[in-house]
Each structure stands twice: as C-alpha cells, then as structure tokens.
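Now for the letters of each chain:
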Amino acid sequence: MKRLPKALIAAVVLGSVALGSYALGAGWWEEGEPLTFDGPTAAAPRQPGGAQDSGTGDKAADEAAAKTLMPTGPKATFTTQNSLDDGTKIGVTTLEGKKSGFQGKVWVWAPKEYFDPKYANSGFPVLIALPGGNGYPKNYWMGTDLKLQSSISKWSQEGKSLPFIVVMPVLNPDAKYYYDGSDIPGQPKMGTWMTEDVPDFVKANFRTFKSRDGWAFMGSSSGAFVGLKSVLQRPDKFKAVIASGPDTVPDSPLWAGHESKRQANNPEKLAKALAAKPDTKANDVYLAFQIGTKERGVKSLKSFIRDYCKGPVKSRLQVIQDGEHNAKTYVKGMGDGSIQWISEHMQAPIPAS
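These figures come from a predicted structure and were not determined experimentally.

## Things to note about helix 2 (residues 59–67)
Phase 1 of the analysis: Of the residues making up helix 2, those classed as buried are Ala60, Ala61, Ala64 and Ala65. Seen along its axis, helix 2 keeps its buried residues to an arc of 130°; they face one direction.

Rendered as structure tokens:
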C-alpha cells in the first residue's frame with residue numbers, strides 16, 4: 001500500500017512520540033540506575049514422570065516443568081529506563097547479536113506477575129513490540145506515555161490479556177534507511193537480529209516457554225510489517241502478531257538488485273505458501289490486524305485478508321473508529337479486542353497448585 005515516505009514518518013513519529021516518551025516517562029529520575037529482572041527463587045523444577053513426581057500428583061508443577069524454559073544465561077546488564085506506577089520498571093541493555101553480528105539497544109518490561117512466587121516455576125509469554133518509522137535510535141514503546149505496559153497490566157487483571165513480557169528492540173541499524181526486518185544482501189542482518197538474536201536474548205534472561213505458543217509480535221506501520229513478516233516466515237517460532245496500520249510488501253530501496261530475496265520476505269508470498277499447508281495446530285498462526293477509519297489503506301488491508309488469510313492463516317480485523325495512523329490509536333484498538341484475541345491462542349503462565 002502507498003504511504004508517506006518512511007523517512008518523513010520516522011521524523012514525525014520519533015520526534016513527537018519517542019522523544020516525548022524518553023523525556024516524560026514516569027520515574028525518569030531513576031534513569032541509568034542498575035536494574036535486575038531476577039524473579040522469585042524457583043524450586044528445582046519437577047521432571048514429568050521422574051522420581052520427584054512419585055506419588056505427588058501435582059499436575060500444575062508437571063505442566064510448568066514440561067513447558068517452561070528457565071533462563072539459560074548469560075545474564076545481561078540492565079539499567080532503568082522508566083518506572084510504572086505499579087512499581088515495575090522498563091530496563092534497557094545493549095545486545096551484541098551473536099548470529100546477526102549486529103549490536104543494538106533492547107528495552108524490556110516484565111509484568112508484576114513475573115515476580116509472584118506462585119509463578120516461580122512458570123514461563124511467561126513474550127510480546128516483541130516494534131515501533132513505526134525507522135525505530136532508531138529509540139523504540140518509542142519503551143516510554144510510559146503510550147501506556148502500553150500499564151495497559152497490559154490493566155488488561156491482564158481484567159482477563160483481557162495475558163501478562164506478557166514486553167521486549168522492545170531497535171527496528172533498524174540506523175535512521176538513514178529502512179531494512180524491512182530482513183537479511184538484505186550486503187546489509188546488517190536485521191532479520192536474523194529480530195527472529196534469532198532477540199529471542200535468544202530473552203531466553204537467556206527470563207523464564208519463557210519452549211514452544212511458539214509463548215511468542216508473539218506487535219507493531220505499528222513499518223514495525224507491523226516486520227512483525228507480520230516474521231510470523232509468516234517463522235511460524236515454527238512465533239504464534240501471533242498484532243499488526244497495526246501495516247505495510248504488506250517489502251519496500252526498502254536496499255532491495256534493488258535482489259528481487260528474488262525481496263520476494264522471499266514478502267508477506268503476500270509467505271501467507272499464500274502457509275495457507276496452502278494443512279490447517280493443523282502445527283501450522284496455524286494468528287494475525288490480528290488493526291487500522292483506523294481515518295487511515296488510508298483500509299481497502300488494501302481488507303484485500304490482503306481476503307486473498308491470503310486462509311486455512312492455517314487465521315486473521316481478525318479491528319477497525320478503530322476515528323483512529324489515525326499513530327501508536328495511541330493502536331493501543332486503544334488492542335484494548336478493544338486485539339490483545340484478547342491473540343491471548344486466547346497463546347500459552348498463559350502456570351501458577352503453582
């Protein structure tokens with residue numbers, strides 16, 4: 001779909017949203033303080049069918065042990081970026097991607113439930129949140145003004161959302177070009193960064209789930225494209241995405257001369273191929289699309305859903321009344337139904353019995 005040039009979008013979004021988030025976030029005075037996400041001390045996890053289970057009949061413990069991946073290490077060093085009213089904090093670190101070779105910032109927030117002792121042996125679902133525009137050097141979801149994290153906390157208490165760990169990596173390696181979240185030949189490997197290095201980093205530092213049922217993306221505009229493409233390209237690793245005001249075709253100028261590889265990163269091609277597979281639980285993905293009534297592209301998005309969302313490619317469209325092409329609109333849409341829909345198809349934390 002045709003949109004404003006991404007350089008212009010980046011200037012507007014980063015200027016008006018990201019910098020505002022950085023300056024006005026709650027707890028700004030704590031910025032730079034050391035931060036740890038160590039949760040409650042977990043007992044040695046039970047091994048299903050093992051000696052520890054003899055005569056216990058503790059199904060919750062067995063389920064948690066079977067599904068949870070405890071932090072693998074090594075631990076990252078976090079500093080505080082922002083604080084929420086409930087006492088939780090958004091931390092930031094620099095990740096050196098071992099597989100991509102790219103080094104960039106990653107912001108992380110863990111919900112209050114993560115620190116509850118009754119979940120000490122359980123993994124938590126992960127939501128990789130991607131911004132619009134160039135998404136560099138900041139990811140504007142790391143601020144508190146858009147209320148993404150506080151909204152997830154509220155929605156989880158209301159039963160509308162799972163208590164996601166929210167991970168917010170930089171989207172691109174610079175503000176000069178847009179890299180489509182892909183491994184464009186001769187360029188930084190941003191596809192590997194997003195689908196390999198970032199998840200590996202989360203697994204190293206947090207209690208997560210072993211299966212794709214615990215992994216999802218959300219993003220707006222250019223970030224929605226990357227999340228959408230990543231889920232369609234790696235359905236073995238990711239289950240769902242909330243794609244808000246998304247681009248649906250790769251359009252980085254850096255693809256010039258690499259048409260076959262560009263098409264290998266095209267959501268239309270990827271969705272068509274996945275839709276042709278058997279409609280089984282091993283193949284299904286959940287695409288929660290959002291778009292505002294004041295945006296361009298409603299017709300094109302509906303055409304994408306009609307043409308490519310079939311069989312195992314499940315979709316839902318949230319049309320946001322009076323919504324515009326901005327992050328505030330998309331958080332509202334999430335609360336109106338999108339976050340609940342993907343939560344219903346993902347793995348919830350498992351409390352101790």
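Now that the structure has been shown, the text picks up again.
## Comments concerning the pattern of salt bridges
Phase 1 of the analysis: Throughout the structure, instances matching the rule amount to 15 salt bridges.
Phase 2 of the analysis: Residues Asp284 and Arg212 are paired through a salt bridge, measuring 2.6 Å at the closest nitrogen-oxygen approach. In this pair, Asp284 sits in the loop between helix 7 (267–275) and strand 11 (285–292) while Arg212 sits in the loop between strand 8 (208–209) and strand 9 (215–220), placing the two residues 72 residues apart along the sequence. Per residue, the accessibility class of Asp284 equals that of Arg212, and both read buried.
Phase 3 of the analysis: In this structure, Asp213 and Lys239 form a salt bridge, with 3.0 Å as the shortest nitrogen-oxygen distance. Placement of the pair is Asp213 in the loop between strand 8 and strand 9 and Lys239 in the loop between helix 5 (222–233) and strand 10 (240–244), with a sequence separation of 26 residues.
Phase 4 of the analysis: Linked through salt bridges whose partners overlap, the residues forming this network are Lys99, Glu196, Asp200, Arg234, Asp236 and Lys237.

## A short note on the pairing of strand 10
The two faces of a sheet get side chains in turn, since along a regular strand they alternate between them.
Phase 1 of the analysis: The buried fraction of strand 10 amounts to 5 of the 5 residues, a majority that puts the element mostly inside the structure.
Phase 2 of the analysis: Across the two faces of strand 10 the burial is the same, with Ala240, Ile242 and Ser244 and Val241 and Ala243 all buried.
Phase 3 of the analysis: The pairing of strand 9 with strand 10 spans 5 bridges and is parallel. Bridge pairing in strand 10 places Met218 opposite Ile242.
Phase 4 of the analysis: Crossover strand 9 to strand 10 through helix 5 is right-handed.
Phase 5 of the analysis: Across 5 bridges, strand 10 lies against strand 11 in parallel orientation. Residue pairing in the sheet places Val241 in a bridge with Leu287 of strand 11.

Analysis parameters
- Residues numbered from 1 in each chain as written.
- Predicted model: local features only at pLDDT ≥ 70, side-chain atom pairs only at ≥ 80, totals over all residues.
- Heavy atoms only, no water.
- Buried < 20%, exposed > 50% of the residue type's maximum accessible area, 1.4 Å probe, protein only.
- Helix = DSSP H or I, 4+ residues; strand = E, 2+ residues; numbered from the N terminus.
- Arc of directions from axis to C-beta.
- Salt bridge = Lys/Arg side-chain N within 4 Å of Asp/Glu carboxyl O.
- Pairing = 2+ DSSP bridges.
- Right-handed = clockwise from strand over helix to strand, strands pointing away.

Scope: geometric values only; no functional claims are made or implied.
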